[in-house]
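Structural overview
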Amino acid sequence: MLKKLQEQDFDRYVDFAYQLALDMTKSGYPTYDDGIKTKDDFVARACESFSTDNEEILLFEQNGATAGWIHYFYLPEDRYLDTCAFCIASGMKEALNEFIAFAREHFPGSELYLGFPGENTEAVAVLEAGGFDCIEESYNDAIDFEDYVLQPEDEGILPITRENYELFSALHSQTDYDMYWNSARILDAIDRWRIYVCLRSGKVTGAIYYIADTHMPEIFGIDFPDGIYDSDVYRALLTAALNDCKRRGAKHMIFFNESESQADALACGLRCIGKYMCYKIPL
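Residues numbered from 1 in each chain as written. Predicted model: local features only at pLDDT ≥ 70, side-chain atom pairs only at ≥ 80, totals over all residues. Heavy atoms only, no water.

This paragraph deals with the sheet that holds strand β10 (residues 218–223). Pairing within the open sheet is mixed, and its 12 strands lie in the order β1-β2-β3-β4-β5-β12-β6-β11-β10-β9-β8-β7. Each edge of the sheet is formed by a strand with only one pairing partner; in this case those strands are β1 (2–4) and β7 (157–159). Strand-to-strand twist across the sheet, computed as the mean angle between neighbouring axes with direction ignored, equals 30 degrees. Examined bridge by bridge, strand β6 (residues 133–144) and strand β11 (residues 252–257) share 6 bridges and lie antiparallel to one another. (Pairing = 2+ DSSP bridges. Helix = DSSP H or I, 4+ residues; strand = E, 2+ residues; numbered from the N terminus. Axes fitted to C-alpha atoms, helices over the stretch in contact; angles between N-to-C directions.)

Turning next to the pairing of strand β8 (residues 193–200). Two strands pair when backbone bridges link them, and β7 and β8 are joined in this way by 3 bridges, in the antiparallel orientation. Across the sheet, residue I157 finds its bridge partner in β8, namely C198. Relative to strand β9 (residues 203–211), β8 runs antiparallel, the two being bridged by 8 bridges. Residue pairing for β9: R200 is matched across the bridge by K203. The hairpin turn running from β8 into β9, its antiparallel successor, is 2 residues long, and S201 in that turn takes a positive phi close to 55 degrees.

This paragraph deals with the packing of helix α7 (residues 231–247) against helix α8 (residues 259–267). At a minimum axis distance of 10 Å, the contact between α7 and α8 shows a crossing angle of 45 degrees. Here α8 runs oblique to α7, going by the angle between their axes. The element α7 and its partner α8 pack so that their crossing is right-handed. Taken together, the residues of α8 that come into contact with α7 (itself represented by S231, Y234, R235 and L238) are S261, D264, A265 and A267. Its residues placed into classes, the contact of α7 with α8 shows 4 nonpolar, 2 polar and 2 charged. (Parallel < 35°, antiparallel > 145°, perpendicular 65-115°, else oblique. Left-handed = near helix turned anticlockwise from the far one by under 90°. Contact = heavy atoms within 4.5 Å. Nonpolar A, V, L, I, M, F, W, Y, C, P; charged D, E, K, R; others polar.)

The next thing to look at is the pairing of strand β5 (residues 111–117). Extensive coverage of β5 is indicated by the burial of 6 of its 7 residues. Examined bridge by bridge, strand β4 (residues 80–88) and β5 share 2 bridges and lie parallel to one another. Paired with L81 across the two strands is L112, which belongs to β5. For the crossover that starts at β4, traverses helix α3 (residues 92–106) and ends in the parallel β5, the hand is right-handed. Strand direction decides the pairing type here: β5 and strand β12 (residues 271–282), joined by 7 bridges, are antiparallel. Bridged to P117 within β12 is Y276. (Buried < 20%, exposed > 50% of the residue type's maximum accessible area, 1.4 Å probe, protein only. Right-handed = clockwise from strand over helix to strand, strands pointing away.)

Written as structure tokens, this is what we have:
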């Protein structure tokens, strides 16, 4: 059974939820078992649910006892539903099925996105058995800038602004049809973003894009023409991004890498936290 967490009961359950968030076999993304996010981060994000109309925390009860904590948020203009925490001590199958049913009842016509660590085999098995599309399977990587030394940059790297945005959008629009952060949305929020393209003989051979206005920047992707991976271009773009964040004083940066780029990511100094799997569920 799912029931809304009341603000007066927050302190009673938050420690329980945070301990589950540290266990990748019993929780969803974002993971707090990354050596970066803290308990204070978890508590602060959870507290935000009480000051907005588009998110809330549900307690999952099993056999009369509290067995889980599900924090979700909804973007009505985009019909987009996602979770900030999906922490279940026991009964993952029941919890997932109840939450999906809840989402279908309250947010019909929307799309629910659920991300879980590959280590959470129970959640993955439930979603696979449900026939839901796994739209992303990647490695959750991070870098700690305390030990990072600025690296030489490729001469073909060019920063993207509003004035030359078409150099990026022409490439990104080839693959952004199933993404929230498509070319139009990135342009609308471009002041939050840092984008670089790599030029070879005057042609764009790749692009990297990441949100930089947070305490922990996150790379959202690296695009290549026709989706053909280029190791040299990848390393050039990633190096430019890492150098930029180091200069800006960031402490950490995260990036979800595909298998073909994982070796290059690790060679550039990132470390692997775990496997990430994201499922899209039409409601």
